[in-house]
Amino acid sequence: MPVISRLVELHPAITAWHRELHQHPELLFETHRTSAFMAEKLRAFGCDEIRTGLGRTGVVGVIHGRQRSSGRVIGLRADMDALPVVETTDLPYASQHEGLMHACGHDGHTAMLLGAAKYLAETRNFDGTVVVIFQPAEEGGGDGREMCEDGLTTHDRQRTIYRKSPRPKRRNRHGIARDLRRIQPVRAQAR
Ligand SMILES: [Zn+2]
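For clarity, every value in this text was computed on a predicted model and none was experimentally measured.

A.B. asks: How should I be thinking about the overall build of the protein chain in this particular structure?
C.D. replies: When helices and strands are counted, the protein chain shows five helices and six strands. Across the protein chain, helices and strands are ordered from the amino to the carboxyl terminus as α-α-β-β-β-α-β-α-α-β-β. Within the protein chain, the proportion of its 191 residues that are buried is 35%. Contacts in the protein chain between residues at least 24 apart in sequence constitute 73% of all its contacts with a sequence separation of at least 6.

Structure follows, in structure tokens:
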């Protein structure tokens, strides 16, 4: 499968975001710095709508495609919170906060979703709307529940939300990990 060349170009930026996030892990709903980082990037990418403070520290970016006749809305979700773990790596970008570490890969999830958001916002080569969802408190804080209670799904009329699996099990015929997992579809409710 050919890799989209624009995404290859974005790779250094995505790597830099990952390292920045890795150095500043935050727990549960306390992802203030991380959330501000996401909102700032989404603004710079030119997302059509950005919402912050959903489910306390959740951040959402809305990106409309060039066409919207399909009426489709797809959510792509990444988790932002880290773990109460002491980092013992010698990485040059190791955690700067003693006792906290992105040991579960959420720094990778968020950096990758930022890369996707940047690509989608600059190309818009799709019919419908993509909602990128940066969610706090995956590690024991109810996961996305508070964001949903704050109206995430009803407001965005999302049909389907995907998340990236940290440990992809299946591979497609090209040997590439099929690691987007579908979250239980959320019925959109008309308001
Ligand atoms: Zn996790």
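A.B. asks: What is the right way to look at the confidence of the model for the protein chain in this model?
C.D. replies: When pLDDT drops low, the exact placement of atoms in the prediction is not to be read closely. Residues of the protein chain with pLDDT of at least 70 account for 82%, and the chain-wide mean is 86. Across the protein chain, the secondary-structure element scoring lowest on mean pLDDT is strand β6 (residues 180-183), at 60, and the one scoring highest is helix α2 (residues 32-45), at 98. The low-confidence segment residues 185-191 (pLDDT under 50) makes twelve contacts with residues lying over four places distant or belonging to another chain.

A.B. asks: Sorry, what's going on with the pairing of strand β1 (residues 49-54) here?
C.D. replies: Remember that side chains alternate between the two faces of the sheet whenever the strand is regular. By the bridge criterion, five bridges tie β1 to strand β2 (residues 58-64) in an arrangement that is antiparallel. When the bridges of β2 are listed, R51 appears paired with V60. Count of turn residues in the β1/β2 antiparallel hairpin: three residues, of which G55 carries a positive phi of about 60°.

A.B. asks: It is not clear to me how helix α1 (residues 5-23) should be interpreted in this structure. Could you clarify?
C.D. replies: It helps to recall that an α-helix has 3.6 residues per turn; residues three or four apart then point in one direction. With 19 residues, α1 should reach 27 Å at 1.5 Å per residue; the first-to-last C-alpha distance of 28 Å fits that figure. Looking at α1, one finds that the buried residues are W17, H18, L21 and H22. Along its buried surface, α1 packs onto α2 and α3 (106-123).

A.B. asks: I'm lost on the nonpolar core in this one. Help?
C.D. replies: Within the largest apolar cluster, 27 residues are counted, with the highest numbers of intra-cluster contacts made by A117, V132 and I133. The set of elements that each furnish at least two residues to this core consists of α1, α2, β2, β3 (73-79), α3 and β4 (129-135).

A.B. asks: Is there a simple way to think about α2 in this case?
C.D. replies: In this model, α2 (14 residues) spans 20 Å end to end at C-alpha, consistent with the 20 Å of a helix rising 1.5 Å per residue. If you check which residues of α2 are buried, you get T34, S35, F37, M38, K41 and L42. On an axial view of α2, the arc spanned by its buried residues comes to 155°, and they lie on one face. More than 90 degrees from the buried face of α2, the exposed residues found are H32, E40, R43 and A44. The secondary structure elements touched by the buried residues of α2 are α1, β1, β2, α3 and β4. With its phi angle positive at about 85°, G46 sits one or two positions after the end of α2.

Criteria and cut-off values
Here the residue numbers are simple positions, counted from 1 along each chain's written sequence. Residue-level local features of this predicted model are given only where pLDDT is at least 70; pairs of side-chain atoms are given and counted only at 80 or more, and the full residue set underlies all totals for whole chains, interfaces and linings. Only DSSP runs of H or I with at least four residues qualify as helices, and only runs of E with at least two residues qualify as strands; both kinds are numbered from the N terminus onward. In this scheme every C-beta is placed from the backbone, and a residue whose C-beta has 20 or more other C-beta atoms within 10 Å is buried, one with 12 or fewer is exposed, and one in between is partly exposed. Our contact criterion uses C-beta atoms placed from the backbone: two residues qualify when those atoms are within 7 Å. What pLDDT expresses is the predictor's confidence in each residue, scored from 0 to 100. The pairing criterion is simple: DSSP has to find at least two bridges between the two strands. Multiplying one less than the number of residues by 1.5 Å gives the expected span of a helix. Put simply, a nonpolar core is a cluster of buried Ala, Val, Leu, Ile, Met, Phe, Trp, Tyr and Cys residues tied together by C-beta atoms within 7 Å. Picture the helix axis, draw a direction to every C-beta atom, and the arc is the one those directions span.

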